[in-house]
Amino acid sequence: MLGIVLSTGLAAGALAVPALATPAAAEGPELIDNGDFSGGTDSWWWTEGSPATVVDGRLCVDVPAGTANPWDAILGQDGLPLTAGESYELSYTASSTAPITIRTNVQLAVDPWTTELASPDQIGTAPETVSHTFTASADNTAAQLAFQIGGNAGAYTFCVDDVSLTGGAEPPVYEPDTGSPVRVNQVGYLTTGPKEGTFVTEATAAQGWSLRDADGTQVATGTTTPRGVDPISEQNVHTFDFSSVTEAGDGYTVVIGEAVSEPFSIGDGLYDGLRDDALAFFYHQRSGIAIDAALVGQEYARPAGHANVAPNQGDDNVPCQPGVCDYRLDAAGGWYDAGDHGKYVVNGGISVAQLLSAFERDGAELGDSSLAVPERGNGVPDLLDEARWELDFLTAMQVPAGEELAGMAHHKLHDRQWTALPTRPDQDTQLRELHPPSTAATLNLAAAAAQGARLFEPYDAAYAAELLDAAETAWDAALAHPAVYADPNDATGGGAYSDNDVSDEFFWAAAELFITTGGADYRQAVTGSELWGDGDALFPSGGFSWGSTAALGALDLATVDNGLSASELASVRSAVTGAADGFADSAQGAAYGLPLAPEDDFVWGSNSQVLNNVVVLATAYDLTEDAAYRDAALTGLDYILGRNPLNLSYVTGYGERDVENQHHRFWANQLNASLPHPPAGSLAGGPNSALQDPIAEDLLQGCAPAMCYVDHIESYATNEVTVNWNAPLAWAAAWADSVAGDDGEGPGEPGDPAECEVSYVTNRWQGGFSTQVTVANTGSAAVSPWELRWSFADAQRITQHWNSAVTQNGRDVTARPAAWNGSIPPGGSVNFGFNGTVTGAAADPTAFTLNGQACDVG
């Protein structure tokens, strides 16, 4: 997750110049010698292979073709005196025979090359003046100005003139561009879901608002509700609600006075594209395989990374850190965790688990040929194919039999030092190393592999057996070594991911093994855990995460068919709904609809914490059909997609004001115009009030919690991407797509007249059954689309289905249309069927609802 740039000794930190208020001209003495080059090249130096000469009064450097990194060609001057606390203005005029992005650094002249200023500057073919203001953090009698001008495939000439560095400047002031004060979900709102927004204003009295369609026609009006000063943004805000509008359409806006919101849509097909793009992120992040242009587009295609092809050293024969072990592992494949090239078991575990859970919840929508992955069409659901890429890596990280810690999992694998930014994975030259095993990583492996085993069993029984064997071996190893923790100081070249409380990982792993096997020992580990029945411990208010994983086990116990007793199942479901009650209350009380309590910190990856609370709310809705849970889950998505204090969609490609400069070593357009921005569906980490990188520290001092974010590639603490942040985004988008059209009113009341009738005919045999269902519309209007729900009274499990999309969560079943039978006309019917397994006797369900309306049973 961490993305510090320290290899080559050129540390990264930068000022986002367009977001800085223009300071007054600096008045201090000139620190640059011969900045107009009237003295020729005196006082200037350049790297070998990039000769510099004075041409027409400018210093020009010929950069040869094929420089891989910015620092492969440098023009600089040493001996610059800086005083701690003093603010300086650097300015210069430059051009290039080909458009390039250079790095402008003022830094320590020796290792570790600590920067006071490091900015990516775009240089065009016509001379333009560039100006930066920065404040020195330390005294330095001989700092260095370095123009890093390499890193491009072709040859070009860079020319510079009028270089000036003077003290006495006013300190830079960061002023984020928040656009319109009318804040909405910039993607849009479901037809029957909540539709709320936030208005930032100094006014204390209610204001009139108007909803307008794409033609500017007024559709609805109302008045805002003043909410006072919002604690997370320190903005005075009002809210407004237009939920009564259900007419689908694009280009809606909300107008308050002269302020106009970003445009948005109303409709029920808004989230299928986001689901697919959020899932495509994982293919982009694959290690050890070429990323195919036919699947992702030419700009995102790349050779396989860490595949043992020069200059890579490869992940197929990886040694341990010195002194850790004397064996090597073939750990090729898996997902790059984040913006760097590290691969982490504890991050991979939660990420693959949430993808598997998305499939377990609604596999019918995520089947074979549903995603753009190389394996599509192989008879296995695409989401399982993607999950397998990571599951194979997790099992490969297991310590071999016969070794001292056999069965445990190595915590992580990454470069010995931090890789430079940008560096494409196939161009990484560094040695890869295994880091010591940990109990947390071992239990992540046990949990994810156990879940994968039950989901792969219908498609690849042999692979499922391999996963289960790995899971059970890991569980036994964790029991034998219950307190082996990752070193919190092991953070060179990759994040430490230290975690010295693994009670949550033990609970999660036991839950998945129990669901998959029914084993009594696993059951005891679940119900005997200190976390059992403790909703606050299972579901922390600030959101579960890689370091707090018990929620994953509790959610699956609540929704996936298992051997818990009725009272035990009620207990774990009560924990889910109890947590969701708290999140829903927070969302309802929040000016931005955020399902976080005001006292919760905005931490590294805060957007994923929000989304994980959305997952809990959505699961509670699946269990109860209580509209309060659905609405709070959707307003959580609203926050991610633009209804937030910065008026930003934190997902690339979604919304008018979307982020596009996330921290990544290949998606690095801000540093190199020849490289792409992140692909659509990439989630930024979000506000982080701890300010844990130089960019955030420089720009965001004193920020309100939800304002502590900057869309800058080098703000890794606020703007990185990771697999464990995109996983809940994909889960939540898939859920939102599946509930589109729900009225949120739950099942019909007992006294409502039935306008549907269900015939349910089952043929049973030992251990199995086959069922045919007919749903008749006895009303006077067509039912389109339709959704039939029921619950089994016992442990029946659907394994195959036809003529409908059937999903099962625990004993609750939902059937939706196939492509050809989405409407039931008055007096008409639809038919579908399924096969399943059962242990012991089985009973037919006796209650059905069609689109929330109770049906007669024929």
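Residues numbered from 1 in each chain as written. Predicted model: local features only at pLDDT ≥ 70, side-chain atom pairs only at ≥ 80, totals over all residues. Heavy atoms only, no water.

**Quick look at the overall build of the chain**
Along the chain, the regular secondary structure elements total 16 helices and 37 strands. Against the 2.2 N^0.38 benchmark of 29 Å for 858 residues, the chain shows a C-alpha radius of gyration of 29 Å, consistent with a compact globule. When the backbone C-alpha atoms are referred to their principal axes, the chain occupies close to 100 × 75 × 45 Å. Split into buried and exposed, the 858 residues of the chain put 60% on the buried side. The long-range share in the chain, meaning contacts at least 24 apart out of those at least 6 apart in sequence, stands at 73%. As displayed, the chain offers around 30,100 Å² of accessible surface, 48% of which is attributable to carbon and sulfur atoms. Side-chain charges in the chain split into 30 positive and 113 negative, and the spacing between the mean points of these groups amounts to 7 Å. (Helix = DSSP H or I, 4+ residues; strand = E, 2+ residues; numbered from the N terminus. Rg over C-alpha atoms; globule rule 2.2 N^0.38 Å. Buried < 20%, exposed > 50% of the residue type's maximum accessible area, 1.4 Å probe, protein only. Contact = heavy atoms within 4.5 Å. Areas by Shrake-Rupley, 256 points an atom, 1.4 Å probe, with all protein chains shown as cover. Lys, Arg positive; Asp, Glu negative; His and termini not counted. Charge placed at Lys NZ, Arg CZ, Asp CG, Glu CD.)

**A few points about the sheet that holds strand β32 (residues 804-809)**
Hydrogen bonds between backbone groups are what pair the strands of a sheet, and the pairing can be parallel or antiparallel. Judged by pairing direction, the sheet is antiparallel, and its 5 strands sit side by side in the order β32-β33-β30-β35-β36 without closing on themselves. The sheet is open, and its two borders are formed by β32 and β36 (853-854), each paired with just one other strand. (Pairing = 2+ DSSP bridges.)

**Examining the environment of Arg 665**
Secondary-structure assignment places Arg 665 in the loop between α13 (627-640) and α14 (694-699). Judged by relative accessible area, which is 1%, Arg 665 ranks as buried.

**Some details on the state of the cysteines**
One pass over the full model with this rule turns up 4 disulfides. Cys 756 shares a disulfide with Cys 855; S-S distance 2.0 Å. Its S-S torsion of about -95° marks the bond between Cys 756 and Cys 855 as left-handed, since a negative value means left-handed. One end of the pair, Cys 756, is in strand β28 (residues 756-765); the other, Cys 855, is in the loop between β36 and β37 (856-857), with 99 residues separating them in the sequence. Across the chain, the way the bonded cysteines pair up, counted in sequence order, is 1-2, 3-4, 5-6, 7-8. (Disulfide = S-S within 2.5 Å.)

**Brief notes about the pattern of salt bridges**
Within the structure shown, the criterion is met by 26 salt bridges. The salt bridge partner of Arg 361 is Asp 622, with a shortest N-O separation of 2.6 Å. Separated by 261 residues along the polypeptide, Arg 361 in helix α3 (residues 345-362) and Asp 622 in helix α12 (residues 606-624) bring together distant segments of the chain. Neither Arg 361 nor Asp 622 differs from the other in exposure class; each is buried. Two residues, Asp 844 and Arg 764, come together in a salt bridge whose shortest N-O distance is 2.4 Å. On the criterion of sequence distance, the pair formed by Asp 844 in the loop between β34 (829-838) and β35 (849-850) and Arg 764 in strand β28 is long-range, its members being 80 residues apart. (Salt bridge = Lys/Arg side-chain N within 4 Å of Asp/Glu carboxyl O.)

**What about the packing of aromatic side chains?**
Both the distance between ring centres and the angle between the ring planes are used here to describe each pair of aromatic rings. Here the structure, examined in full by the defined rule, presents 32 aromatic pairs. Chaining the aromatic ring pairs together yields one cluster made of Tyr 189, Trp 209, Phe 240, Phe 242, Tyr 252 and Phe 264. Geometry around Trp 389 places Arg 286 over its ring, the cationic atom sitting 4.7 Å from the centre. Stacked on the ring of Tyr 463, the Lys or Arg Arg 388 has its end atom at 3.6 Å from the ring centre. (Phe/Tyr/Trp six-rings, centres within 6.5 Å; stacked < 30°, edge-to-face > 60°. Lys NZ or Arg CZ within 6 Å of the ring centre and 35° of its normal.)

**A short note on the nonpolar core**
Counting residues in hydrophobic clusters, the biggest one holds 163 residues, and the most contacted among them are Phe 539, Leu 557 and Trp 735. Among the elements that take part in this core, helix α5 (residues 439-456) stands out by supplying 12 residues, more than any other. Sequence-distant contacts of Leu 557, that is, excluding residues within four places in its chain, are made with Phe 507, Ala 511, Phe 514, Ile 515, Val 526, Trp 532, Asn 562, Leu 564, Leu 569 and Val 572. With 33 residues, the next largest nonpolar core counts Tyr 88, Phe 134, Phe 147 and Val 160 among its residues. (Core = buried A, V, L, I, M, F, W, Y, C linked by side-chain atoms within 4.5 Å.)

**Structural notes on the environment of Trp 209**
Tracing the backbone shows Trp 209 in strand β14 (residues 208-212). Within polar-contact distance, the side chain of Trp 209 engages the backbone oxygen of Thr 223 at 3.5 Å. (Polar contact = N/O pair within 3.5 Å; in protein donor to acceptor, adjacent residues only side chain to side chain.)

**Examining the pairing of strand β10 (residues 156-167)**
Counting buried positions along β10 yields 11 of 12 residues, so the element is predominantly enclosed. Bridging between strand β5 (residues 87-96) and β10 involves 8 bridges; their strand directions are antiparallel. Each bridged residue has a counterpart across the sheet, and for Tyr 88 the counterpart in β10 is Gly 167.

**Focus: the side chain of Glu 390**
Looking at the element boundaries, Glu 390 is found in helix α4 (residues 382-396). Among buried Asp, Glu, Lys and Arg side chains, Glu 390 stands out as unpaired, with Lys 343 the closest opposite charge at 7.5 Å. A polar contact is formed between the side chain of Glu 390 and the backbone nitrogen of Trp 335, at a distance of 2.8 Å. With near-sequence residues (within four places) excluded, Glu 390 lies in contact with Gly 334, Trp 335, Tyr 344, Gly 348 and Val 352.

**A word on α4**
Under the 1.5 Å per step criterion, the end-to-end length of α4 is 22 Å for 15 residues, consistent within 8% with the ideal 21 Å. Of all the bends in α4, the greatest, near 25°, is centred on Arg 388. Taken across its 15 residues, α4 has 11 buried, putting it largely inside the fold. If you check which residues of α4 are buried, you get Asp 382, Leu 383, Leu 384, Asp 385, Glu 386, Ala 387, Glu 390, Leu 391, Phe 393, Leu 394 and Ala 396. (Expected span 1.5 Å × (residues − 1). Bend = angle between axes of the 7 residues up to and from the residue.)

**Regarding the sheet that holds strand β16 (residues 225-229)**
As summarised here, the arrangement of the 4 strands in space is β11-β13-β17-β16, forming an open sheet in which the pairing is antiparallel. Taken across any chain shown, the strands that pair with only one partner, and hence form the sheet edges, are β11 (182-183) and β16. Pairing analysis gives 5 bridges linking strand β13 (residues 196-200) to strand β17 (residues 236-241), with the strands arranged antiparallel. By the bridge assignment, Val 200 is partnered in β17 with Val 237.

**Examining the pairing of strand β30 (residues 788-791)**
Relative to strand β33 (residues 812-817), β30 is paired through 4 bridges, and the arrangement is antiparallel. Directly across from Arg 789, in β33, lies its bridge partner Thr 814. Pairing of β30 with β35, which is carried by 2 bridges, proceeds in the antiparallel orientation. Residue pairing for β35: Arg 789 is matched across the bridge by Thr 849.

**A word on the packing of helix α1 (residues 272-284) against helix α16 (residues 723-739)**
Put simply, α1 and α16 touch, their axes get as near as 8 Å, and they point 155° apart. Taken together, the axes of α1 and α16 lie roughly antiparallel to each other. Seen from above, α1 lies across α16 with left-handed handedness. Contacts from Asp 272, Leu 274, Arg 275, Ala 278, Leu 279, Phe 281 and Phe 282 of α1 reach α16 at Val 723, Asn 726, Ala 727, Leu 729, Ala 730, Ala 733, Ala 734 and Asp 737. Classifying every residue of the contact of α1 with α16 gives 11 nonpolar, 1 polar and 3 charged. (Axes fitted to C-alpha atoms, helices over the stretch in contact; angles between N-to-C directions. Parallel < 35°, antiparallel > 145°, perpendicular 65-115°, else oblique. Left-handed = near helix turned anticlockwise from the far one by under 90°. Nonpolar A, V, L, I, M, F, W, Y, C, P; charged D, E, K, R; others polar.)

**Topic: the side chain of Arg 816**
With respect to the helices, strands and loops of the structure, Arg 816 is situated in strand β33. Given the relative accessible area of 14%, Arg 816 is considered buried. One polar contact links Arg 816 to Glu 787, side chain to side chain, over a distance of 2.8 Å. When sequence neighbours within four positions are dropped, the list of residues in contact with Arg 816 reads Asp 362, Ser 738, Trp 786, Glu 787, Arg 789, Ser 804, Ala 805 and Thr 807.

**What about unusual backbone geometry?**
Trans peptide bonds make up most of the peptide bonds, and negative phi angles are found at most residues other than glycine. A cis amide bond links Asp 111 with the next residue in sequence, Pro 112, at an omega value of 20°. With respect to the helices, strands and loops of the structure, Pro 112 is situated in the loop between β6 (100-107) and β7 (115-123). Put simply, Leu 421 and Pro 422 share a cis peptide bond, and its omega is -5°. As for its placement among the helices and strands, Pro 422 is situated in the loop between β25 (412-415) and β26 (432-434). In this structure, Phe 37 takes a positive phi of about 60° despite not being glycine. For Phe 37, the location among the structural elements is in the segment before β1 (45-46). In this structure, Ser 43 takes a positive phi of about 75° despite not being glycine.

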